[in-house]
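Read off the chains here:
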Amino acid sequence: MVSSRRNRTVALTCLGVVALMVGAAFAAVPLYDLFCRVTGYGGTPMVNPAVPAQQDARTIRVEFVANVNAGLPWTFRPAQRAVTLHGAEEGVAFYLARNDSDRPVTGISTYNVTPEKAAPYFNKIACFCFTEQTLAPGQQVEMPLAFWVDPQMFDDPATRDVRVVTVSYTFYRSLDDAQRAGALAAAGPHVGGFVPNTAPPRAGERRARP
């Protein structure tokens with residue numbers, strides 16, 4: 001009888017551990033994403049709209065890079081190569097995206113900041129990342145990014161040598177769109193086939209076209 005109760009206790013304990021592990025596995029991705037956004041870990045910019053009132057006299061150059069996954073028939077480029085800002089100065093930049101196909105296509109972007117050690121000081125106010133964007137055939141749009149750099153970066157021994165910060169966006173075809181278009185294999189698990197484009201737009205490409 002004692003042995004039977006002991007076996008039931010061990011079995012229930014094991015089931016509890018398994019349930020906890022399964023729950024942790026399902027929560028891992030959103031929790032990791034939240035952790036990165038809050039801490040800047042892995043080159044993920046911080047999400048913080050509270051721009052300090054006092055600007056810093058020191059400046060930082062912010063460069064912009066655009067990448068397109070091979071499964072997305074878009075042209076995607078920054079509207080400007082770089083901007084130079086004071087610490088705590090609010091900056092606004094634009095990216096241009098154009099659907100080069102003959103049908104509506106939905107894309108979604110990710111982003112990161114390099115060097116990674118500077119990411120905790122790069123604060124994003126608003127951007128187009130992680131939001132599906134659907135463009136009609138031939139449509140071109142401007143996508144804004146609003147941000148500021150925490151002047152504490154200039155005093156941190158780990159980052160005070162940083163003079164240039166690079167913001168990199170990568171656009172992928174959304175999995176739902178790829179499945180509808182029969183291009184799911186090309187969309188893949190968001191890896192490979194990147195086409196970097198850091199060139200500013202040509203004359204006349206700045207404004208969005210309907």
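Rules of the game
Residues numbered from 1 in each chain as written. Predicted model: local features only at pLDDT ≥ 70, side-chain atom pairs only at ≥ 80, totals over all residues. Heavy atoms only, no water. Helix = DSSP H or I, 4+ residues; strand = E, 2+ residues; numbered from the N terminus. Buried < 20%, exposed > 50% of the residue type's maximum accessible area, 1.4 Å probe, protein only. Polar contact = N/O pair within 3.5 Å; in protein donor to acceptor, adjacent residues only side chain to side chain. Contact = heavy atoms within 4.5 Å. Pairing = 2+ DSSP bridges. Phe/Tyr/Trp six-rings, centres within 6.5 Å; stacked < 30°, edge-to-face > 60°. Salt bridge = Lys/Arg side-chain N within 4 Å of Asp/Glu carboxyl O.

Caption draft 1: Examining the side chain of serine 168 more closely. Secondary-structure assignment places serine 168 in strand β10 (residues 164-173). By relative accessible area, which is 16% here, serine 168 ends up buried. Within the structure, serine 168 has its side chain in polar contact with the side chain of asparagine 67 (distance 3.1 Å). Not counting chain neighbours up to four residues away, the residues in contact with serine 168 comprise Val65, Asn67, Thr110, Tyr111 and Asn112.

Caption draft 2: View of the pairing of strand β2 (residues 59-68). The element β2 is extensively covered by neighbouring structure, given that 7 of its 10 residues are classed as buried. Taken together, the 5 bridges between β2 and strand β4 (residues 82-86) define a ladder with antiparallel strand orientation. Among the inter-strand pairings, glutamate 63 is bridged to a residue of β4, identified as alanine 82. Of the pairings in the sheet, the one linking β2 to β10 comprises 8 bridges and is parallel in character. Bridge pairing in β10 links phenylalanine 64 to valine 167.

Caption draft 3: Just the packing of aromatic side chains, in detail. Under the definition given, this model contains 13 aromatic pairs. Ring centres of phenylalanine 76 and phenylalanine 128 lie 6.3 Å apart, and the angle between their planes is 85 degrees; this geometry places the pair in the edge-to-face category. Pair noted here: phenylalanine 76 is in strand β3 (residues 74-78) and phenylalanine 128 is in the loop between β7 (122-126) and β8 (133-135), with a separation of 52 residues, a long-range link. A relative accessible area of 1% means that phenylalanine 76 is categorised as buried. Ring pairs connect the aromatic residues Phe64, Trp74, Phe76, Tyr95, Tyr111, Phe122, Phe128, Phe130, Phe147, Tyr169 and Phe171, which therefore count as one cluster.

Caption draft 4: Layout of the side chain of threonine 170. The topology assignment puts threonine 170 in strand β10. With relative accessibility at 9%, the residue threonine 170 sits in the buried group. A polar atom in the side chain of threonine 170 sits 3.4 Å from the side chain of asparagine 67.

Caption draft 5: Region of interest: the pattern of salt bridges. Scanning all chains against the criterion turns up 7 salt bridges. Across the pair aspartate 56 and arginine 58 runs a salt bridge whose closest N-O atoms are separated by 2.9 Å. Look at aspartate 56 and you get buried, because its relative accessible area is 17%. Taking relative accessible area as the criterion, arginine 58 reaches 34% and is therefore assigned partly exposed. Overlapping salt bridges, with partners in common, bring together Asp56, Arg58 and Asp155 in one network.

Caption draft 6: Broad picture of the environment of valine 141. Within the fold, valine 141 resides in strand β9 (residues 140-149). In this structure the C-alpha to C-alpha distance between valine 141 and leucine 96, which are 45 residues apart in sequence, comes to 5.8 Å.

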